[in-house]
Amino acid sequence: MSHWIKSQKTVITTRSSSKRNIVAKSLESTYIRPIECAFLQTNRRGSMQIITTHKGTDFDALASLVAGTILYPGSRPVLPGAVNPNLKSFISIHKDLFGFYSPKEIKIDDVKTLVVVDTNSWKRLDGMGQLKERSDIKIINWDHHPEGDIDAHEVHREEVGANITIMIRELEKQRKLITPIQASLFLMGLYEDTGNMTFSSTTPDDARAAAYLLERKADLQILTTFLRHAYGKKQKDILFEMIQHAQRQEIGGFSISIARMDVEGHVQNLSVVLHMYREIVNVDAAFGIFRDTERDTCMVIGRSNLEQLNIGMIMRSMGGGGHPGAGSALLKSTNPDVIEEMIIEMIKGNQQSSVMLSDIMSYPVVTVSEDTTVEEAAMILRDTGCSGVPVVDSDDHVIGIISRRDFRKIRKNNQMLSPVKAFMSREVITIDHKKSAIDAARLMIKHDIGRIPVVEDDKIIGIVTRSDAMLYFYDLLPD
Ligand SMILES: [Mn+2]
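Residues numbered from 1 in each chain as written. Predicted model: local features only at pLDDT ≥ 70, side-chain atom pairs only at ≥ 80, totals over all residues.

Asks: Help me understand helix H4 (residues 59-71), please; the structure alone is not making it clear to me.
Replies: Since the α-helix advances by 3.6 residues per turn, residues separated by three or four positions end up pointing in the same direction. In a regular helix each residue adds 1.5 Å, so 13 residues correspond to 18 Å; H4 covers 18 Å between its end C-alpha atoms and thus fits that length. When you tally the buried positions in H4, you get 12 out of 13 residues, the bulk of the element. (Helix = DSSP H or I, 4+ residues; strand = E, 2+ residues; numbered from the N terminus. Expected span 1.5 Å × (residues − 1). Buried ≥ 20, exposed ≤ 12 C-beta atoms within 10 Å, placed from the backbone.)

Asks: Explain the pairing of strand E9 (residues 297-304) here, please?
Replies: Look at any regular strand and the pattern is simple: side chains alternate between the two faces of the sheet. Within E9, seven of the eight residues are buried, which leaves the element mostly enclosed by the surrounding structure. Two elements, strand E8 (residues 285-292) and E9, share eight bridges in a ladder whose sense is antiparallel. Its bridge partner lying in E9, Gly-288 is registered against Ile-301. Pairing analysis gives seven bridges linking E9 to strand E11 (residues 326-332), with the strands arranged antiparallel. Bridged to Ile-301 within E11 is Ser-328. (Pairing = 2+ DSSP bridges.)

Asks: How should the nonpolar core be read in this particular structure?
Replies: In globular proteins that are soluble, nonpolar side chains generally tend to be buried together. Counting residues in hydrophobic clusters, the biggest one holds 47 residues, and the most contacted among them are Ala-63, Ala-67, Ile-164, Ile-168, Phe-186, Leu-187 and Leu-213. Taken together, the elements giving at least two residues each to this core come down to strand E1 (48-52), H4, helix H5 (85-98), strand E3 (111-117), strand E4 (138-143), helix H7 (163-173), helix H8 (180-194) and helix H9 (204-215). By residue number, the principal contributor to this core is H4, which donates eight residues. Setting aside chain neighbours within four positions, we find Ala-67 in contact with Ile-164, Met-167, Ile-168, Leu-171 and Phe-186. Judged by nonpolar contacts, the second largest core, of 34 residues, contains Met-299, Met-313, Ile-339 and Met-346. (Core = buried A, V, L, I, M, F, W, Y, C linked by C-beta atoms within 7 Å. Contact = placed C-beta atoms within 7 Å.)

Right under this line is the structure:
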């Protein structure tokens, strides 16, 4: 409890003039703050700031949600209805400390700012559908997943092992106080998402974040109590059976093992099982196809040890998602034989670049010249529904790109009549038409951009967008 007293002292020495400020400050960095501050905030219409995370909330998501309340004082943490079972016991014990809201308790019309943590995809949020359509809200995103469709105004995205790692760095930078309980929760998220720092997605930054949390008195005893469920009897039995029937095969130069099993009901933490399985069987990549006969679903989980064998991409092609090293997909009414075939086909075609960008790109492209006015460009964006348009010179060479985001630099009304060259981004990423869809997708992820001009001999001939790439990955190409 020394932290509580410490933060009280900090308050007394601040120069806050009003009493309300002092109260609000004193509540900062204590666990009860979220409720109290939301209460203290005047509830002007459309002034609410909320933080939320993905359904099937795990410890990394929960940790990120709580970290969000420290980074954004006064905002309300909204916990999705469906959370993981081992999280449930943690939440039920710590309920009073965090003051979570359920999506139903939030008047969506009042939301002005939405902070999304540990996911970047609308369909993984609970009760936020209406916000997707609203253009008058500000969206802030903290995430470590490469894929997603939330077009945030402020993005903090890095491919690290756990999302909480990115947020811890910010907490440290802002010198925010965190309590031992918060530190313990954050460390749980960090350990769970990195498999105690053993998953190949773990980065030095994750380890640094763990060190920071241990310095902040994270309680390892609490950690083991709540994380222990991750590998219990059920998981042990499944792993044992998988190993007994383990088979290895060589596909496309990789050693692969695909295990198939029937499971009853939803089994938690199969990804941990798969991770151990891959290590024991000692293959480049391991897949588990877990069929729930009662619900007629197949849970597919993959783990890879090689960067060239991208699990996330394979899972995306089956409607799921993930990182290069780990991912999953849930398929309904699908025969496990078919799934196994799909996986093998995907691995075989892993290096495939047979589909050229020119097959999937959009054309002709709407372009503007550098002397086009901002106003005209804005009209074009509105009419075409695009978020950006390439700026070309008289030889069709791309010299910039003007997007909705650039319009935010505009301060005065008369700037609407300025040429776009004053506001456009000059660092344009282009891609040669001979490259593959996978190359384009990699560029989009790397630079966090949604559209890339396609060039032939440096001249623009088309544009490839996120949705073009999606169509390709979901195999919806017209034949
Ligand atoms: Mn995560």
